[in-house]
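Here's the letter readout for the chains.
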Amino acid sequence: MNGLATRDLIIQGSYLAASVLFVLGLRSLTRPTQARLGMQQAAMGMLFAIIGTLLNANILTFQWIIIGLVVGAIVGYPMAMKVPMTAMPQFIAFSHAFGAVAATLVGVVEYRVRSAATGDEGLSHGLAAALGFEVLFGALTITGSFMAFGKLQELITGRPITFKGQNAVNLTLMAVAFGSLAVLIANPANATAFYLILGLALFLGISMVLPIGGGDMPVVISLLNSYAGLAAAATGFAIGNNVLIIAGALEGAGGFILSIIMSKAMNRSFANVIFGAFGAAPSSKGGDKGAAKEPKSISAEDAATQLAYAGSVVIIPGYGMAVAQAQHTCRELDELISKKGGEVKYAIHPVAGRMPGHLNVILSEAGIDYGALLTDVEDANRVLATADVAIVIGANDIVNPDAEDDKSSPLYGMPIFRPWTARTVFVIKRGKGTGFSGVENPLFTRDNTLMLYGDAKGVIGSLIKEIKALDEGH
Ligand code: NAP
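The shown structure was predicted, so the numbers you read here are calculated from the model rather than taken from an experiment.

### Some thoughts on the packing of helix 5 (residues 125–152) against helix 6 (residues 166–186)
Two quantities define a packed helix pair, namely the angle between the helix axes and the distance between the axes. Direction vectors running N to C along helix 5 and helix 6 enclose 155 degrees, while the axes themselves pass 8 Å from each other. It follows from the interaxial angle that helix 5 and helix 6 lie roughly antiparallel. Here helix 5 and helix 6 pass one another in a crossing that is right-handed. The residues of helix 6 that touch helix 5, namely those facing H125, A128, A129, G132, F133 and L136, are A177, F178, L181, L184, I185 and A186. For the contact of helix 5 with helix 6, the per-class residue count stands at ten nonpolar, two polar and no charged.

Structure representation (structure tokens):
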């Protein structure tokens, strides 16, 4: 076997290993207990993909590759270490934008180089299709992801920005972009069509994200993730790289499925998320209801007495628990109640927090046994119905009874937990803040609901102190 054939074998072998590891990684990520392994498998897959690509490409000098590697590591590592879990969605949007910048730049450079070449190296109809597609989805992802980042980071308003006929304008622009793609495929030398696709896609990324509210941004981010995957797959076709086609297709399909799962968990149609301008105006009806009755509160001392003698407790964590980083303190409370003979379960809603699996991740990070998590809404509601105490920690929308009772509520139809079916409900939150949907929550004024106001970590800390004080007979 000559040297060239051996090199090709190593390259294709690395690509195969990378592809298998990507698939295994995704498979492992479907089980929380193996999620860490899944990340390691995917990272190892990436290493194989990089090795294969470095051997495959006709690299004249490694200088810029090494510079890029060093700059990327210097910027990326501290960024990933510093970003809190609650800011993960915008961090993901930010990194998607850079992936899309890379795919779009490759598309533009490849188009320019191939336009100037002739024969086999020149622009074929197929290559023009791949490059046009790559630039369309890549450019849309760049500006769309930066907009999503801006909304979540509150650099721009999280509320939907709408104007009359917006959907019609967006659909027309999209039709023009796809029309230009058809022109480019028919006549690959038509540079105007190519750059028109690029310009329109950059504009569409902004105009399509503008009318979507901050609460729906995680769905949008996962959809943009899917677009970035499609752009990467098209890049793979354009530059003849198999692993890019496979990884891009996996990302494209994965992002799309995740967007649909999230929409379903909020009981919203996919079209409603993209075109519905959700979160535009807080429900005034809900506001009136909240004003009519005042919530009752309870002291940490009295709540601790009830918890110390409770036979079954269900904790419902939400976004506020993640912000307060109260998961470790929560585990301590759990241990204390369990030591006193109570059984503690956690009801985890599919859209609790700000990204899929948000609460599952932080609870397992705190060492809470996965067996104690109730991740099915109906199962959790069955357990809640016989529980002595339900503790709602920094959750709001996912326990809003209006989702079942009030047809005018934007949450209507979303499957929710029913903590009010437990004997007593404690709600831990700082004040009268609404949830992400911006609507009032009548749970707080129900007869068996008692509020414990304060930061989640501080309040749970006080409960622990009071339960311990009971033991010591103070
Ligand atoms: P939520 O409805 O946003 O409510 C969070 C509550 O936490 C607020 O009412 C706030 O009240 C309280 N809070 C904030 N900081 C706190 C702290 N330090 N200590 C104690 N409480 C604190 O949260 P959720 O019930 O988890 O619902 C998630 C929402 O996000 C849903 O509307 C869901 O549709 C949306 N969403 C989620 C995803 C996802 O993938 N997870 C995706 C898209 C949309 P105070 O200000 O009074 O403290």
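From this point, the discussion proceeds with the structure in view.
### Notes on the side chain of H96
In this fold, H96 is placed in helix 4 (residues 88–116). The class of H96 is buried, set by a relative accessible area of 11%. Once you skip the residues sitting within four places of it in the chain, H96 turns out to touch T141, S145, I221, N225 and E251.

### Quick word on the nonpolar core
Judged by nonpolar contacts, the single largest core of 73 residues is most densely connected at L307, I316, Y346 and I391. No other element matches helix 18 (residues 456–471), which puts six residues into this core. In this view, I391 contacts L307, V313, V314, I315, I316, L333, F426 and I428; residues no more than four positions away in its chain are not counted. Counting residues in each nonpolar core, the second largest holds 39 residues, with V135, F194, M217 and A231 among its members.

### Examining the pairing of strand 2 (residues 312–317)
In terms of residue burial, strand 2 counts as a mostly covered element, since six of its six residues are buried. Side chains of strand 2 alternate between two faces, with S312, V314 and I316 and V313, I315 and P317 buried alike. Where strand 2 lies against strand 3 (residues 343–347), four bridges are found, and the strand directions are parallel. Looking across to strand 3, one finds that I315 is bridged to Y346. Pairing between strand 2 and strand 5 (residues 389–393): five bridges, direction parallel. Along strand 5, the bridge assignment pairs P317 with I393.

### Focus: unusual backbone geometry
Among all residues save glycine, negative phi is the norm, and among peptide bonds the norm is trans. Unusually for a residue other than glycine, E154 sits at a positive phi of about 60 degrees. Tracing the chain through its elements places E154 in the loop between helix 5 and helix 6. Phi at Q325 is positive, roughly 55 degrees, even though this residue is not glycine.

### Some details on the environment of D379
Tracing the sequence through the fold places D379 in helix 16 (residues 377–385). Judged by its relative accessible area of 34%, D379 is partly exposed. The spatial distance from the C-alpha of D379 to the C-alpha of A177 is 47 Å, given a sequence separation of 202 residues. Side-chain polar atoms of D379 contact the side chain of R382, separated by 2.6 Å.

### A look at the packing of aromatic side chains
Following the criterion strictly, the structure yields nine aromatic pairs and no others. The interplanar angle of 35 degrees and the centroid separation of 4.8 Å between the aromatic rings of F94 and F149 together place this pair among those described as tilted. Of this pair, F94 sits in helix 4 while F149 sits in helix 5, and the two are 55 residues apart along the sequence. With a relative accessible area of 22%, F94 lands in the partly exposed category. F149 gets classed as buried once you look at its relative accessible area, which sits at 19%. Judged by centre distance (5.2 Å) and plane angle (90 degrees), the rings of F194 and Y195 are edge-to-face. By relative accessible area, which is 34% here, Y195 ends up partly exposed. Grouping aromatic residues by their ring pairs yields a cluster made of F94, F98, F146 and F149.

### As for the pattern of salt bridges
Per the stated rule, a full pass over the model turns up eight salt bridges. A salt bridge links D388 to R423, with the shortest nitrogen-to-oxygen separation between them at 3.0 Å. Separated by 35 residues along the polypeptide, D388 in the loop between helix 16 and strand 5 and R423 in the loop between helix 17 (402–405) and strand 6 (424–429) bring together distant segments of the chain. Residue classification places D388 among the buried residues on the basis of a relative accessible area of 17%.

### With respect to the sheet that holds strand 1 (residues 296–297)
Strands sit in the order 1-7-6-5-2-3-4 across an open sheet of seven strands; the sheet is parallel. A single partner strand is all that each edge strand has here, and the edge strands are strand 1 and strand 4 (373–374). In the sheet, strand 1 pairs with strand 7 (residues 449–453) via two bridges, with the strands oriented parallel. When the bridges of strand 7 are listed, K296 appears paired with L450. Taken strand by strand, helix 16 contacts strand 2, strand 3, strand 4 and strand 5, and its axis lies near 140 degrees from that of strand 2.

### Some words on helix 16
Given 3.6 residues to a turn, an α-helix orients residues that are three or four positions apart in the same direction. Those residues of helix 16 lying buried are V377, A380, N381 and L384. Seen along its axis, helix 16 keeps its buried residues to an arc of 100 degrees; they face one direction. In this fold, the buried residues of helix 16 make contact with strand 2, strand 3, strand 4 and strand 5. Here helix 16 starts with a cap whose side-chain oxygen sits 3.1 Å from the backbone nitrogen of E378, and that cap is D376.

### Looking at the pairing of strand 5
Taking burial as the measure, the five residues of strand 5 include five buried ones, the bulk of the element. Residues of strand 5 alternate between two faces, with V389, I391 and I393 on one and A390 and V392 on the opposite face, all of them buried. Direction of pairing for strand 5 relative to strand 6: parallel, over a ladder of five bridges. The residue of strand 6 that forms the bridge with V389 is T424.

### Looking at the side chain of Q327
Residue position: Q327 is located in helix 14 (residues 327–339). For Q327, a relative accessible area of 0% gives the class buried. Side-chain polar atoms of Q327 contact the side chain of Q325, separated by 3.3 Å. Other than its neighbours up to four places away in sequence, Q327 contacts M321, I362, L363, E365, A366 and I368.

What counts and how
- Residues numbered from 1 in each chain as written.
- Predicted model: local features only at pLDDT ≥ 70, side-chain atom pairs only at ≥ 80, totals over all residues.
- Heavy atoms only, no water.
- Axes fitted to C-alpha atoms, helices over the stretch in contact; angles between N-to-C directions.
- Helix = DSSP H or I, 4+ residues; strand = E, 2+ residues; numbered from the N terminus.
- Parallel < 35°, antiparallel > 145°, perpendicular 65-115°, else oblique.
- Left-handed = near helix turned anticlockwise from the far one by under 90°.
- Contact = heavy atoms within 4.5 Å.
- Nonpolar A, V, L, I, M, F, W, Y, C, P; charged D, E, K, R; others polar.
- Buried < 20%, exposed > 50% of the residue type's maximum accessible area, 1.4 Å probe, protein only.
- Core = buried A, V, L, I, M, F, W, Y, C linked by side-chain atoms within 4.5 Å.
- Pairing = 2+ DSSP bridges.
- Polar contact = N/O pair within 3.5 Å; in protein donor to acceptor, adjacent residues only side chain to side chain.
- Phe/Tyr/Trp six-rings, centres within 6.5 Å; stacked < 30°, edge-to-face > 60°.
- Salt bridge = Lys/Arg side-chain N within 4 Å of Asp/Glu carboxyl O.
- Arc of directions from axis to C-beta.

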